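Residue-level structure breakdown
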Amino acid sequence: METLLNEIEIADLQPTKVLQANALENEAIYILREVAAQFEKPVLLFSGGKDSITLVRLAQKAFWPAKIPFPLLHIDTGHNFPETIAFRDQLVGELGVELIVRKVQDSIDQGKVVEETGKYASRNALQTTTLLDAIEEFKFDACIGGARRDEEKARAKERIFSVRDDFGQWDEKNQRPELFDMLNGKIELGQNIRVFPISNWTELDVWSYIANEQIDIPSIYFAHKRNTFIRDGLIWSAQDDVVFRAEEEEVRERTVRFRTVGDMSCTAAVESNADTIEKVVAEIRASKLSERGARIDDKRSEAAMEKRKQQGYF
């Protein structure tokens, strides 16, 4: 599908491309309205990243002039970038929506998960237990997420309405057909649905939509100076006590930005001078590295993402 187009290019567009761009937004709004119509207790999974921020804007449009009719749920690893948390709180305050936060640290303290240690330790995978506990606590029957099929091969297998069993697990061989925009939200007792309204978008689509809608996003997405170090050819933040750093790994100030803003311990930066949305869009167009190429947790094995999804990961 053609990508969404940013404002500076619109004058050069063919009408058909503009219509395709609008179709992505229309599809996402249709999906969000179907969620509200078919489920009793939906929730929007919010990380403070660009994809979930885009979902919030789409939800605003879907239900305007009413408020967004479901809460936001943030599974806080405790290792989030401070810029992301500050942005989350500001956005929630401006919109007046309910924010539910559940913390991975609580799952660790309760003995439900074990903190990883060592050079590649991360809390990213530990989010699954905290998320499943939150779904059970609030009896959510639909969790709206910002996953896209272009991100990773396991996510390319997802349906828009993705059925999870009563253990929160995903079976890629037991998914429903989705023909002619017919979304079947019927579930058995104990099951829930993960919903992905921007499945058909690409990273460039999201950025172009952010540009067109003039959506605010965390500053960490833009080029800035940061103390960093190099490990395994990737650039890691050295401005906190989260990321393990060996004594021989030299800290140096670099101009970087982050293409994705997950757990600090598994999210690397890229060197960049892109300090505006227009420059970011141009940079992504020219890049040969996928946005998740800087996520070390996806590199643990060929099937790392798929295994996490099977265990209940979003």
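Description of the structure in this document. Just so it is clear, the model here is predicted, and its values are computed rather than measured.

1. Some points on the overall build of the protein chain
Within the protein chain, the secondary structure is distributed over eight helices and 10 strands. The buried share of the protein chain, reckoned over its 314 residues, is 53%. Across the protein chain, contacts joining residues at least 24 apart in sequence account for 72% of those joining residues at least 6 apart.

2. A closer look at the side chain of Ser 199
Relative to the helices and strands, Ser 199 resides in the loop between strand E6 (192–195) and helix H6 (203–213). Here Ser 199 falls in the buried class, since its relative accessible area comes to 4%. Within the local environment of Ser 199, its side chain forms a polar contact with the backbone oxygen of Phe 196, the two atoms lying 2.8 Å apart. Beyond its immediate chain neighbours, meaning those up to four positions away, Ser 199 contacts Ala 147, Arg 148, Arg 149 and Ile 160.

3. Concerning unusual backbone geometry
Residues Trp 64 and Pro 65 are joined by a peptide bond in cis, for which omega reads 10°. Note on placement: Pro 65 falls in the loop between helix H2 (50–63) and strand E2 (72–76). The phi angle at Lys 139 is positive, at roughly 60°, despite the residue not being glycine. One can find Lys 139 in the loop between helix H5 (127–138) and strand E4 (142–144). Owing to a relative accessible area of 51%, Lys 139 belongs among the exposed residues under this scheme.

4. Considerations on the sheet that holds strand E3 (residues 99–103)
Spatially, the six strands line up as an open sheet ordered E3-E2-E1-E4-E6-E5, and their pairing is mixed. Strand pairing shows two members of the sheet lacking a second neighbour, E3 and strand E5 (161–164), which therefore form its edges. If you compare each strand with its neighbour and ignore which way they point, the axes differ by 30° on average. Along the sheet, H2 makes contact with strand E1 (42–45), E2 and E4, crossing E1 at roughly 140°.

5. Observations concerning the pattern of salt bridges
Counted according to the given criterion, the structure contains 16 salt bridges. The partner of Arg 259 in a salt bridge is Glu 203, and the shortest N-O contact between them spans 2.6 Å. Taken together, the residues Arg 259 in the loop between strand E9 (252–257) and strand E10 (270–271) and Glu 203 in helix H6 connect sequence positions 56 residues apart. Each of Glu 25, Arg 57, Lys 61 and Glu 213 takes part in salt bridges that share partners, so that together they form one network.

6. What to know about the sheet that holds E10
Strand order in the open sheet formed by four strands is E8-E7-E9-E10, and the pairing between neighbours is antiparallel. Two strands in the sheet have a free side with no partner beyond their single neighbour: strand E8 (234–237) and E10. Where E9 lies against E10, two bridges are found, and the strand directions are antiparallel. Directly across from Arg 257, in E10, lies its bridge partner Val 270.

7. What about the nonpolar core?
One finds Leu 58, Phe 161 and Trp 207 to be the most contacted residues of the largest nonpolar core, which totals 62 residues. It is H2 that contributes the most residues to this core, seven residues altogether. When residues of this core are assigned to domains, at least three fall in each of domain 1 (17–209 + 303–310) and domain 2 (218–299). In this structure, Trp 207 is in contact with Lys 50, Ile 217, Tyr 221, Phe 222, Arg 257, Ile 277, Val 280, Val 281 and Ile 284, ignoring residues within four places of it in sequence.

8. Topic: the environment of Ala 59
For Ala 59, the location among the structural elements is in helix H2. Linking Ala 59 and Ile 29, residues 30 residues apart in sequence, is a C-alpha distance of 6.9 Å. Residues contacting Ala 59, with those up to four places away along its chain left out, are Leu 32, Ile 68 and Phe 70.

9. Points about the environment of Ala 134
Inspection of the secondary structure assignment puts Ala 134 in helix H5. Sequence spacing of Ala 134 and His 74 is 60 residues, and the spatial spacing of their C-alpha atoms is 9.9 Å. Discounting chain neighbours no more than four positions away, the residues touching Ala 134 are Leu 73, Ile 75, Arg 102 and Phe 140.

10. What about the packing of aromatic side chains?
A full pass over the atoms with the stated rule returns seven aromatic pairs. Taking the centre distance of 4.6 Å and the plane angle of 55° together, the rings of Phe 81 and Phe 258 count as tilted. Here Phe 81, found in the loop between E2 and helix H3 (82–95), pairs with Phe 258, found in the loop between E9 and E10; they are 177 residues apart in sequence, far enough to count as distant. One exposure class covers both Phe 81 and Phe 258, and it is buried. Ring geometry for Phe 138 and Phe 140: centres 5.3 Å apart, planes at 20°, overall stacked. Ring-pair connections join several aromatic residues into one group, and the members of that group are Trp 207, Tyr 221 and Phe 222. If you follow Arg 231 out to its NZ or CZ, it ends over the ring of Tyr 120, 6.0 Å from the centre.

Conventions adopted
Residues numbered from 1 in each chain as written. Predicted model: local features only at pLDDT ≥ 70, side-chain atom pairs only at ≥ 80, totals over all residues. Heavy atoms only, no water. Helix = DSSP H or I, 4+ residues; strand = E, 2+ residues; numbered from the N terminus. Buried < 20%, exposed > 50% of the residue type's maximum accessible area, 1.4 Å probe, protein only. Contact = heavy atoms within 4.5 Å. Polar contact = N/O pair within 3.5 Å; in protein donor to acceptor, adjacent residues only side chain to side chain. Pairing = 2+ DSSP bridges. Axes fitted to C-alpha atoms, helices over the stretch in contact; angles between N-to-C directions. Salt bridge = Lys/Arg side-chain N within 4 Å of Asp/Glu carboxyl O. Core = buried A, V, L, I, M, F, W, Y, C linked by side-chain atoms within 4.5 Å. Domains from an automatic or database assignment. Phe/Tyr/Trp six-rings, centres within 6.5 Å; stacked < 30°, edge-to-face > 60°. Lys NZ or Arg CZ within 6 Å of the ring centre and 35° of its normal.

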